[in-house]
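# Breakdown of the fold
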Amino acid sequence: MQELVKMTADDIEVCTEIYVKAFEKTKEYQSICDFDHYFSSFIKSEDKYAYVLKVDNKIVGLLTAFQIPSFVDGFSVHIDSVAISPEYQHQGNGRAMLKSFIDLISDGSGITINAYKDKPSYKLYVDVGFYDIDNISHLMYSPELAKLKKQYEELEKERAELQAELDKRDQN
């Protein structure tokens, strides 16, 4: 049985594990991610949403979202994160979680989500009823991520130089 319930502080550890497992790239950034703060801020705030999906009373997914003031609807809701534990993916759980959330908060307000077109989640979002607005890009700036990107580029340059040096030695 699937059930969408409000996330509690007791759920944060499990939600962190699910998020990290669901998004492999997160492991690279895990040292700068403050999951406790992130999830707690969604749990405590009146204009934010934090839900978990339970299957047979086990947490298998999470969804966070927040309200954005709107000129037309009063506010719209932006879904910030959707994660399903890998062993529960491709079984209709993500679809059920999204539909339950939409039904729960739907009052005519718009709901937005960002997605990479080359990821399976994109098709899921479109199938659930989201539509693509062409020519719109979602851009982000984060000082921490910028610093990590620079460090990565420096390490990559150093790796390439060392590889060139090794290749040169091999030729001799």
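Use the structure listed above.
What you see is a predicted model; the values in this text were computed from it and never measured. (Residues numbered from 1 in each chain as written. Predicted model: local features only at pLDDT ≥ 70, side-chain atom pairs only at ≥ 80, totals over all residues. Heavy atoms only, no water.)

## Remarks on the overall build of the protein
If you tally the helices and strands in the protein, you get six helices and five strands. Ordering the α and β elements of the protein from the N terminus gives β-α-α-α-β-β-β-α-β-α-α. The buried share among the 172 residues of the protein stands at 30%. The contacts of the protein with a sequence gap of at least 6 include a subset with a gap of at least 24, amounting to 58%. Within the structure as shown, the protein displays about 12,100 Å² of accessible surface, and the carbon and sulfur contribution to it stands at 51%. (Helix = DSSP H or I, 4+ residues; strand = E, 2+ residues; numbered from the N terminus. Buried < 20%, exposed > 50% of the residue type's maximum accessible area, 1.4 Å probe, protein only. Contact = heavy atoms within 4.5 Å. Areas by Shrake-Rupley, 256 points an atom, 1.4 Å probe, with all protein chains shown as cover.)

## Structural notes on the packing of aromatic side chains
Tallied over the full model, the rule gives eight aromatic pairs. Between the aromatic rings of Phe 35 and Phe 39, the centroid separation amounts to 6.3 Å while the plane-to-plane angle is 20°, which identifies the pairing as stacked. You can see Phe 35 and its partner Phe 39 sitting in helix H3 (residues 35-44), four residues apart, about one turn around the helix. Across this residue pair, the class does not change: Phe 35 and Phe 39 are buried. An aromatic cluster is defined as three or more aromatic residues linked by ring pairs; in this entry it consists of Tyr 19, Phe 23, Phe 35, Tyr 38, Phe 39 and Phe 42. The cationic tip of Lys 48 hangs over the ring face of Phe 42; the distance from NZ or CZ to the ring centre is 5.3 Å. (Phe/Tyr/Trp six-rings, centres within 6.5 Å; stacked < 30°, edge-to-face > 60°. Lys NZ or Arg CZ within 6 Å of the ring centre and 35° of its normal.)

## Looking at the sheet that holds strand S2 (residues 48-55)
Backbone-to-backbone hydrogen bonds join strands into a sheet, with any given pair of strands oriented parallel or antiparallel. Spatially, five strands are ordered S1-S2-S3-S4-S5 in an open sheet, and the strand pairing comes out mixed. What marks the edges here is a single partner per strand, and that holds for strand S1 (2-6) and strand S5 (111-113). Looking at each pair of strands side by side, their axes are set apart by 30° on average, direction ignored. Examined bridge by bridge, strand S3 (residues 58-70) and strand S4 (residues 74-84) share ten bridges and lie antiparallel to one another. Bridge pairing in S4 links Phe 66 to His 78. Lying over the sheet, helix H1 (residues 12-22) contacts S2, S3 and S4, oriented at roughly 90° with respect to S3. (Pairing = 2+ DSSP bridges. Axes fitted to C-alpha atoms, helices over the stretch in contact; angles between N-to-C directions.)

## A word on the state of the cysteines
Tallied over the full model, the rule gives zero disulfides. With no disulfide partner, Cys 15 has as its closest neighbouring cysteine sulfur the one in Cys 33, 15 Å distant. (Disulfide = S-S within 2.5 Å.)

## A short note on the pattern of salt bridges
Close approach of charged atoms allows side chains with opposite charge to pair. One pass over the structure, following the stated rule, counts six salt bridges. In this structure, Asp 132 engages Lys 117 in a salt bridge whose closest nitrogen and oxygen atoms are separated by 2.8 Å. Placement of the pair is Asp 132 in the loop between helix H5 (120-128) and helix H6 (143-171) and Lys 117 in the loop between S5 and H5, with a sequence separation of 15 residues. With a relative accessible area of 32%, Asp 132 lands in the partly exposed category. Residue Lys 117 is classed as exposed on the basis of its relative accessible area of 55%. The network of salt bridges with common partners includes Arg 95, Lys 123 and Asp 127. (Salt bridge = Lys/Arg side-chain N within 4 Å of Asp/Glu carboxyl O.)

## A look at the environment of Ile 113
With respect to the helices, strands and loops of the structure, Ile 113 is situated in strand S5. Using a relative accessible area of 18% as the deciding quantity, one classes Ile 113 as buried. In this structure, the C-alpha to C-alpha distance between Ile 113 and Asn 93, residues 20 residues apart in sequence, is 17 Å. With residues near it in sequence (within four places) discarded, Ile 113 still touches His 78, Ile 79, Val 82, Tyr 125 and Phe 130.

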